[in-house]
Structures are given as structure tokens and as C-alpha cells.
Amino acid sequence: MRVVLLLLLLPAWPATAAEAAELLPLAVSKPVTEKAELERDRPTARNKQTAPDQVELPFEIEGSLAAGDATLSDESFYDAYSFEGKAGQIVTFTLTSEDFDTYLLLKDETGELLAENDDFDGVTDSHLAVELPQDGVYRVLASAYSAGLEGRYQLQGQLGDETDLKRVEAYELNQQGVAAFNRSEYPEALSFFEQSLAIRQEIGYRNGEGESLNNIGFIYARLGDYAQALDYYQQSLAILQEIGDRSGEGQSLNNIGGIYDSLGDYAQALDYYEQSLAILQEIGDRSGEGTTLNNIGAIYDSLGDYAQALDYYQQSLAIRQEIGDRRGEGTTLNNIGAIYDSLGDYAQALDYYQQSLAILQEIGDRSTSALSLGNIGNVLSTQQQPELAIVFLKQSVNTYEAIRGDISTLDSELQSTYTESISDNYRTLADLLLQQDRILEAQRILDLLKVQELDDYLETVRGNAETASGVEFLQPEQTILARYQTAQEPAIELGRELAELNAKKENGTLTPEEEARRLELIDLQGELAIQFNDFIASADIQALLDQLSRRELSQAVNLEDLSGLRDNLANLNAALLYPLILDDRIELVITTATSEPLRRTVEGVGRAELNAAITEFRQALQNPTSDATALAQQLYTWLMEPLEADLAAAGVDTIIYSPDGALRYIPLAALHDGNQWLAERFRVNNITARSLTELDTLPQTDPKVLAGAFVTGEYAVLGTRYSGLPFAGQEVEQLSDTLSAITAFFDTDFNLEAVTNEIASFNVLHFATHAAFVPGDPSESFILFGNGETQNLRDIANWQLANVDLVVLSACETGLGGFDNNGEQILGLSYQFQSRGAKAVVSSLWQVDDGGTQALMNAFYTALSNGHAKSEALRLAQQALIANDLTIVGAPRGAGLQVLDTETGEPRIQAGSLSHPYYWAPFILIGNGL
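Every chain is numbered independently, its residues counted from 1 as its sequence is written. In view of the model being predicted, local features appear only for residues whose pLDDT reaches at least 70, and side-chain atom pairs are presented and counted only at 80 or more, with totals across whole chains, interfaces and linings using the full set of residues. Only hydrogens and water are set aside when side-chain values are computed; all heavy atoms of the structure are taken into account.

Looking up the protein chain in an unreviewed UniProt entry gives the name CHAT domain-containing protein, with the organism given as Vasconcelosia minhoensis LEGE 07310.

Structure, rendered in C-alpha cells:
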């Protein structure tokens, strides 16, 4: 991905960059210098003729800076002039020089700094306008921007008025906008630019008005609103041409070219760029020339003329390095990398991308850093290193997410255009994750792109941290990224030193020794970039990558164990289904009581196509306003239709299901045969290796339930805040009405001590609270109690659950867990409970609406209390919601399926509206279904 540069009309620097239609910041303010007077630097005499110490306003002075002058703390030379001033008096000072970059300071008689200025209104001259705070003696210091600069200067001082103050105020607001823009804080930048524009229009400052209009257009362009941007640019151009501002005209022409470039009109873009280049070269604007050369290179890049593109990029790079434009240098290095990428020279491409990223991270350019990170990820993917590619693409997306968070206060349409402008990077990562069977991570990436929330009702359902924290890294990925950043530090430090030496070379103060060091650093920079290949190939990085492509954990069912199940299957009237997902096909292995394992092959449907369908199906399942039927039928065609004859021959009513990889993310019961849901035909219970030997163990006759609900309050756990679940209280209260043997704890009474003291007396545990998994570190996954206490997987390993037939986790995303390659976390918490003796666990595959959970749980326990087995009770509860008929679970006639609001008592979910699988399908039973 190449970057197009636009120019902000800002003091002494060009501005932004765009990847295709995306604008990215390229401009950088000059480094902030710390300037202070030192006591030893106030001599009474100097080696040259001294300038007058005392002056009267107004004055015009010609002077010079040279070796032997007093110096400030940064070793820059200065001359000091004092004058008498009165409180409320407005004074202005202007420092100009054809020999050096000026710097102006104003201090009161105590030495306190009142104002300072480097460049003013797009030139290297300095200007101040200040209202004096009190009567007294003031000192104005005529200095240079950096150490070693010398030559002649002109200093003017005069009385001013309110207009002078407003002009400076507008300039300072503009500069604050520049700083905000460079931090990618676009709402703040837009506000500063608009304030600056209003003042400049008020005082009739046409040059400044043209600048501000350009900069506002720049923000809209950066956010992808090209129509708005073009309008502001054209207003700016008209003013700048009217007043004869050739520099501003050249920059505005460049920016208009950038808009046409982003819109794909390359002929128009090239025409504007060439007009811009002619003006900028004519007036000697080297910075603007470097920018426009880069942009012409980008046009030839888009047209596929890589030789021409590379020539223009290299011309641009030479200028940017010569003048010390670090942001421009980083961007053009990225673009040269993109050329080599397009030519298939991936080693060269990576070298340039690495150099680019080191500079961009050094200067804090988040947007273009994200672009370079994505480019590195794309090259690694092309080189068949998907695990490592994902690490860089994730970091790229997280950088964009941080920027998106910063623009959340902008108009929603602007947020949308920005999201669209960066969406390719997200989709690339999602596609790569799908290819690697990392389904939930891929879905998370796609969810991050959804700027518009679902309706208010559904927003409360999904209002957790699902998309708030960007993309999460697995533990090996975190380690790889940390080591990469450590490896980058020498390159960043080297870049800083090289930038300082290049600046000295530009202003003519470089010593022969420093020139030798500069050339040495250029060579070292290339060597550091090449070292990235060594980083990738190192044994420790390869070991971490191996962890990301590991085999599934021992929780999975091994095929050699299947035939031994046939005796159990006869007792359960069940078939065991074990699908295997391969790159080019799906293998369905089915075992019944009367047959050896049979293999049914689904040709032409490979891993990538199935993963894409699973992702789309999950999204439909999680939105109760969507129609999930067509997708459910497609998956049924692949997964169940090839087994129809085998199931019919066996006459089974239960499917014991051991899903493979990504299939763990969707409930089998939600597939549809064209006439009805699978939940209306079969019981379904998932299994883990632990549960194999427990499949036909009968439960205790009467359910005795220990229930706990987290209803009110809020607690922070591992940096995330969890609020109480109002419907959890109603859920447990209804269970108390339904069941004869139940003990319930609420809020602070629902604590670890109360639960552990009572566990031995109950065979069913029902926790209506948050259970969350911590991606990258499953041992930190936890259950939250009503008093804020937590128990993680390590803690649960100490529980004694031999007497427990069922654990129900009825709150949000309890079975979902963190991200891994193969959906192993779906079985994680269930596996842990079963390892401590529990026979089965009911948990969810996605975040569930609490009101819907209340209705499903009430139906489930009604069926359970009427003597139905666990898997049958869950199936009947699902059927009751589908048909809006509680008599299916044994409830008396007339019992309704309304969910009432906890505050108003009014129906929140109307009867008949719970038939979507969003409400009835998320809960799965893992383990013993009897």
C-alpha cells in the first residue's frame, strides 16, 4: 500500500499522506527546542561590537549572530535588547534573516518567559504580539533556531493593537491544530482549525483564511470525506491565487490532486500535481517539492509503471532526507517498499518497510505506522508466514482502533467514512484469520468495522467489551511483538541521530567528523533493516510461532476411542458425530451402536469456505432481527444431509457431537433442514475427552439446586468493569417458584464462602453471573461472584464436585472464552468443571440477552423438574421458545413466555418474539446428557 502526501498550509512543513483513497499524516512540526538563558551567558562585553542594550519603541535594528556571542541553553547564539513597557500596552516584534532560521523570545525583568516564536505564517521568520502585564523593563532576545547558526538579521519592534493579538491567537490555534493532527486527534485538530479560521475571517486576514480553509479540508480528506475536502481546498486555492501567494497556491494544487488521486481520477490528479510541482520548484520550496514528487510517484504506482514510480519516489526521498523531513522520509520509504512488494522482491520490500516503521514510530505518526505494519503483515503472508503476518496485522488494526476511538466525538457520517477508508486492512486480517481457522478473531475484526450499532434494545445486549479494546493478542503473539519492539529500538535511536546530522548538513554546520558519522549511520541503517530476516528465523521466535500452530489440546476426542463407545450409544439411542475439517473437504465420521465408524466425505467444501460460512452464520445468530434460516440450511447441507440415511437406519434421537475446530463456535441444534430446526428433531450434547466415560451415568433422582445471582453493583476485574444483571434476579426467583429444592443467594450473599460451604449438599449449581475468559492466558479465566470475588480456572481446580450432576452458567459468553486456533476454549471451563467431578455443564456460545436467558432457563428447569434428562430438557426448552408454547416442557396451559422489565413490570419481550435462534440456540450442553 502506497501513501499519497497532501500539504497543510502550516509553518515550514508539508502535510499528509494517503493510501489509495485514504489520507494519512505526513507533516511534522519542527522539534520543540528548550531555550533558557544561563547566568554565564550574560557577558558585559563581547568579542564583536555589541548591539544597543536599551531601545525605545518603535525601533528597527540590524544585527548579527556569530561565534563569541552569548548562548542559550541549547547553545544557540542570541542578542538581547531591553525596553520600557507599560501595563496593557500591546507590542509586536518581528525577527527576519536571510542567513539563518530565526527564533524570538520575550521576557520580563525577572527573566520569566512571556512569549516565544520560531516560524510564523509559513515562513522561517519569527513574530510576537503581546499585551504587557505590568509596567517595567522587558527584554527581547533575537536568537537562532539551533546551535551554530549565524549571520545577519533585522529586528523590528513597535506598538500594536487588538488585530495584532488576534492574528497571533489565530496562528497559535492553527499550531495547536497541527500538533493535534500529528497525534491523529482529528476532532481536536478540526476544532482548532475552525477557531483559527473564524478569527482570521473576522480580522480580514486573507492569507491566513486561505491557510485555515486548506487545513480544514485536510481533516475532511484524512477522514475520507472527499467532497467536503475538495470544497474547502477550492475555496483556499481561490483566495491564495487572488492574493498572489505562490507557495500556498502550489500546496493547494497538490492537495486537490490528492483528492482526485483518492477518487481514482489519475489523469486529473497528475495534472494538478504537475502544476503544483512547477510552482514549488520555481519558488524553491524544497519541502513541498519532495511531497509532490512523492505523489507523482504514487500516480505511476497506481498505473503500474513501477520504474517511473520508483524514480519519483527516490527523488522525493533524497529531498526529504536532505532537509530532515522525518515524517516525509518515513512515508516515502514505505512507498518504495510498496514498489518492491509489487515487483515481488519481498526482501527489499521488508527492508524499506522496516526503515519506514522505525521512523514513524519514533515521531509518533500512528496512522502511517499502522499502514506500514499492515504492509509488513501482507509481505509475511505472501511469504507463507501467516502466524507472524497476523501479529503485525493485529498491531496495525489496534493502531487504527486507537485513532477511531479518538474520533468518536465526530459526526457519525465522518466516523463512517474514516472506517471505510481503512477497512481493507481489517478485511485482510479477517481473511487471514479465517484461513488459519481462527474464526472468532476474524469475526471480532469484522465487528470492529460496524460503526452503527444495532437498535437500542440490542445495544444493551451486546454492550460489553467485545469491540472496545481492539484485537487481543495470544500470549506467544504478545511475546513476539515485545521482542520486535526491542529489536527496533536501536533503529529508532540511530534514526534520531541521523536526523540531527542531516539537519546540520542542511544548514551548513556539519563538521567533517560528523559527516563521517552520518555516512556510517546510513550504512548501519541498511544493516539493521536486513536483520529483520534474522529476527524471523531465530530459534526463539520460531518456537513461539510453533505454539500458534499447535495441535488441538487433549480435550478433543481421539478417533481411536470411538468404536469403544458403541455399547454406551445403544443405551443412549444415540449416534456420535465427529467432523474433520480439511483444506479441501470435510470428513464426517459417524458411529452408531450397530456400526463401525463410517466416513462420509463432503467434496468441494474446504476449510476457507466453511470458515466463512460459520462466521456469517454466527453474525446472523447474534442479531435477532436477521434471518438465519438460509445460512442454517447451507450448513445443514454440508454437515447433516450426507448422514441422513445413516441416522435414519440407526433410528436415533440423540446426537453426541464432538465438533472440530471452527465448528465449535456454532450450535448444531441451530441448523435447519428446510422444514424445521435440528433442535426440533434431535437432542444434542457436546462431549470432551473427560465426558466420554460419563455418558451413561444416571443423575440423582431429584435436582437440588444451589443458585447465585449477581443483580446489582459493579466490579472491576483485570481492567474491565462488570455490572450487575437485573434479569439474573428474576431468573433465580422464578427458579425458586419452579423448583421445590433450591437455595438462592443474591449479590453480596452470593460469595465464595457461602457457595463452597454448601456445594456438597447440592447436585445442580446455577450461576447467573458473569463468567469471562482471558485470551492468551486461560488460567486467568474467571467466574464473578456477587460481592466482587472471582474464581479462576486454577481456583476451580480445587473445588470438589463429585456430587454435582450439572453446572449451569447462564450469563454472558460463558462458554466463549478467549481466542485460539481451534475453538478449544469453547470446552475450557466445562472441561475444568468436569475434571473436578461435575457430570455436565450448560454454557453459552455468545452473549445472551438476559431477558431471553430468563425465559429459556425457566423452561429448562420446568422440564428438568418434570423428570426429563438434561439434554432432553434443553431441547424441549428450545422448542418451547420456538413454538411459544410452555406446555411442551410440562407447564400448565396458559403459561406465557413474556419477559417483564425489572423496573416497570411491563413486557420487555413480547410473546412469540423469542423464536429466533438468538434466544434459544446459544446454550449448549457439554458432557453427560442424562
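A. Just the overall build of the protein chain, in detail. Numbered from the N terminus, helices here are DSSP runs of H or I no shorter than four residues, and strands are runs of E no shorter than two. Regarding its fold elements, the protein chain presents 29 helices and 30 strands. A total of 930 residues make up the protein chain; the buried ones form 58% of that total. We call two residues contacting when some pair of their heavy atoms lies within 4.5 Å. Put simply, of all contacts in the protein chain between residues at least 6 apart along the chain, 71% involve residues at least 24 apart. As displayed, the protein chain offers around 35000 Å² of accessible surface, 46% of which is attributable to carbon and sulfur atoms. Think of it in three bands: residues with accessible area under 20% of the maximum for their type are buried, residues over 50% are exposed, and the middle band is partly exposed, with areas taken using a 1.4 Å probe on protein chains only. Accessible areas in this description were obtained via Shrake-Rupley with a 1.4 Å probe; residue shielding takes into account the shown protein chains only.

B. Region of the structure containing the side chain of Ser-316. Structurally, Ser-316 can be placed in helix 8 (residues 306-323). Ignoring anything within four residues of it in the chain, the contact list for Ser-316 reads Gly-290, Leu-293, Asn-294 and Thr-332.

C. Spatial organisation of the sheet that holds strand 24 (residues 782-784). Following DSSP output, two strands are said to pair if at least two bridges run between them. Strand order in the open sheet formed by three strands is 23-24-25, and the pairing between neighbours is antiparallel. A single partner strand is all that each edge strand has here, and the edge strands are strand 23 (771-772) and strand 25 (790-792). Across three bridges, the pairing between strand 24 and strand 25 is antiparallel. Counted as the bridge partner of Phe-782 is Asn-792 from strand 25.

D. Up close: the packing of helix 6 (residues 266-282) against helix 7 (residues 286-302). Here helix 6 crosses helix 7 at 155°, and the two axes come no closer than 9 Å. With respect to helix 7, the element helix 6 is oriented roughly antiparallel. Between helix 6 and helix 7 lies a crossing whose hand is left-handed. Taking contact as the criterion, the partners of Tyr-266, Ala-269, Leu-270, Tyr-273, Glu-274, Ser-276, Leu-277, Leu-280 and Gln-281 in helix 6 are, on helix 7, Gly-288, Glu-289, Thr-292, Leu-293, Asn-295, Ile-296, Ile-299, Tyr-300 and Ser-302. Following the grouping adopted for this structure description, the nonpolar residues are Ala, Val, Leu, Ile, Met, Phe, Trp, Tyr, Cys and Pro, the charged ones are Asp, Glu, Lys and Arg, and the polar ones are all others, Gly among them. When the residues that make up the contact of helix 6 with helix 7 are grouped by side-chain class, the tally is 10 nonpolar, six polar and two charged. Note on geometry: axes are lines fitted to C-alpha atoms, helical ones only across the stretch in contact, with angles between N-to-C directions running from 0 to 180 degrees. With respect to orientation, any angle under 35 degrees is reported as roughly parallel, any angle over 145 as roughly antiparallel, any angle of 65 to 115 as roughly perpendicular, and every other angle as oblique. Should the near helix be turned anticlockwise from the far one by less than a right angle, the crossing is termed left-handed; should it be turned clockwise, right-handed.

E. A negative patch on the surface, seen in detail. Patch rule: a residue counts if its relative accessible area is over 30% and it has no salt bridge; like charges are joined within 9 Å, and nonpolar side chains (Val, Leu, Ile, Met, Phe, Trp, Tyr) within 5 Å. Salt bridge, as applied in this entry: a Lys or Arg side-chain nitrogen positioned within 4 Å of an Asp or Glu carboxyl oxygen. In summary, the charge assignment counts Lys and Arg as positive and Asp and Glu as negative, without counting His or the chain termini. Every charge is mapped to an atom, namely NZ of Lys, CZ of Arg, CG of Asp or CD of Glu. A surface patch of like charges, here negative, comprises Glu-56, Glu-84, Glu-109 and Asp-135. By the secondary structure assignment, Glu-84 is in strand 6 (residues 77-85). The exposed category is assigned to Glu-84, whose relative accessible area is 54%.

F. Focus on helix 11 (residues 366-382). Expected span of a helix: the number of residues minus one, times 1.5 Å. For helix 11, spanning 17 residues, the distance from its first C-alpha to its last is 24 Å, which sits close to the expected 24 Å at 1.5 Å a residue. Of all 17 residues making up helix 11, 13 are buried, and the element is well covered by its neighbours. The N-cap of helix 11, judged by a side-chain oxygen 3.4 Å from the amide nitrogen of Ser-367 a few residues on, is Asp-365. Count one or two residues on from helix 11 and you reach Gln-384, which has phi positive near 60°. Pairs of N or O atoms within 3.5 Å make up the polar contacts considered here, provided that, within protein, one atom can donate a hydrogen while the other can accept it, and that residues adjacent in sequence are counted only when both atoms are side-chain atoms.

G. Summary view of the nonpolar core. Each nonpolar core is a collection of buried residues, namely Ala, Val, Leu, Ile, Met, Phe, Trp, Tyr and Cys, held together in the definition by side-chain atoms within 4.5 Å. Met-640 and Tyr-861 are the most contacted members of the largest nonpolar core, which totals 84 residues. Sorting elements by how many residues they give to this core places helix 27 (residues 850-865) first, with eight residues. Ignoring anything within four residues of it in the chain, the contact list for Met-640 reads Leu-577, Leu-635, Leu-647, Ile-655, Leu-668, Leu-671 and Leu-678.

H. Fine view of the sheet that holds strand 12 (residues 151-159). Strand order across the open sheet formed by four strands is 4-12-7-10, with antiparallel pairing between neighbours. Every interior strand has two partners, whereas the edge strands, strand 4 (59-65) and strand 10 (126-131), have only one. Averaged over all adjacent pairs, the angle separating strand axes in this sheet is 15°, with direction ignored. Packing of helix 1 (residues 162-182) onto the sheet brings it into contact with strand 7 (90-96) and strand 10, and relative to strand 10 it is tilted by some 125°.

I. Spatial organisation of empty space enclosed by the protein. Residues are called lining when one of their atoms sits within 4 Å of a cavity or pocket point, these points coming from a 1 Å grid over the protein atoms alone, where a cavity is a set in which a 1.4 Å probe fits but cannot get out and a pocket is an open set with protein on both sides within 12 Å along at least five of seven lines. Grid points are joined across faces, edges and corners, and a volume is the space filled by probe spheres set on the points. Applying the stated criterion across every chain, the model contains four cavities of 30 Å³ or more. Roughly 130 Å³ of internal volume is contained in the largest cavity. Taken together, 16 residues form the lining of the largest cavity, with Ala-669, Val-684, Leu-874, Gln-878 and Phe-923 sitting closest to its centre. Elements represented by at least two residues in the lining of the largest cavity include exactly strand 17 (683-686), helix 28 (870-883) and strand 30 (923-927). Class assignment for the residues of the lining of the largest cavity results in 10 nonpolar, four polar and two charged.

J. Summary view of the pairing of strand 18 (residues 705-709). For strand 18, a buried count of five out of five residues is recorded, marking the element as mostly surrounded by other parts of the structure. Side-chain alternation along strand 18 places Val-705, Ala-707 and Ala-709 on one buried face and Leu-706 and Gly-708 on a second face that is also buried. Across five bridges, strand 18 lies against strand 21 (residues 742-746) in parallel orientation. Counterpart to Gly-708 in the pairing with strand 21 is Phe-745. Across five bridges, strand 18 lies against strand 22 (residues 764-768) in parallel orientation. Its bridge partner being in strand 22, Gly-708 is matched across the sheet by Phe-767.

K. Layout of the pattern of salt bridges. Applying the stated criterion to the full structure yields 20 salt bridges. For Arg-206, the salt bridge goes to Glu-242, with nearest N and O atoms at 2.7 Å. Of this pair, Arg-206 sits in helix 3 (residues 206-222) while Glu-242 sits in helix 4 (residues 226-243), placing them 36 residues apart in sequence. Residue Glu-242 is classed as exposed on the basis of its relative accessible area, which comes to 55%. In this structure, Arg-286 engages Glu-322 in a salt bridge whose closest nitrogen and oxygen atoms are separated by 2.9 Å. Here Arg-286, found in helix 7, pairs with Glu-322, found in helix 8; they are 36 residues apart in sequence, far enough to count as distant. Its relative accessible area of 31% is what places Arg-286 among the partly exposed residues.

L. Just the pairing of strand 27 (residues 840-844), in detail. Counted residue by residue, strand 27 has five buried out of five residues, so it is predominantly covered. Every second residue of strand 27 is oriented toward a common face, with Ala-840, Val-842 and Ser-844 on one face and Val-841 and Ser-843 on the other, all of them buried. In this structure, strand 26 (residues 806-809) lies alongside strand 27, joined through two bridges in parallel fashion. Residue pairing across strands places Val-808 opposite Val-842, the latter belonging to strand 27. One ladder, built from five bridges, connects strand 27 with strand 30; its direction is antiparallel. Within the sheet, the bridge partner assigned to Val-842 lies in strand 30 and is Leu-925.

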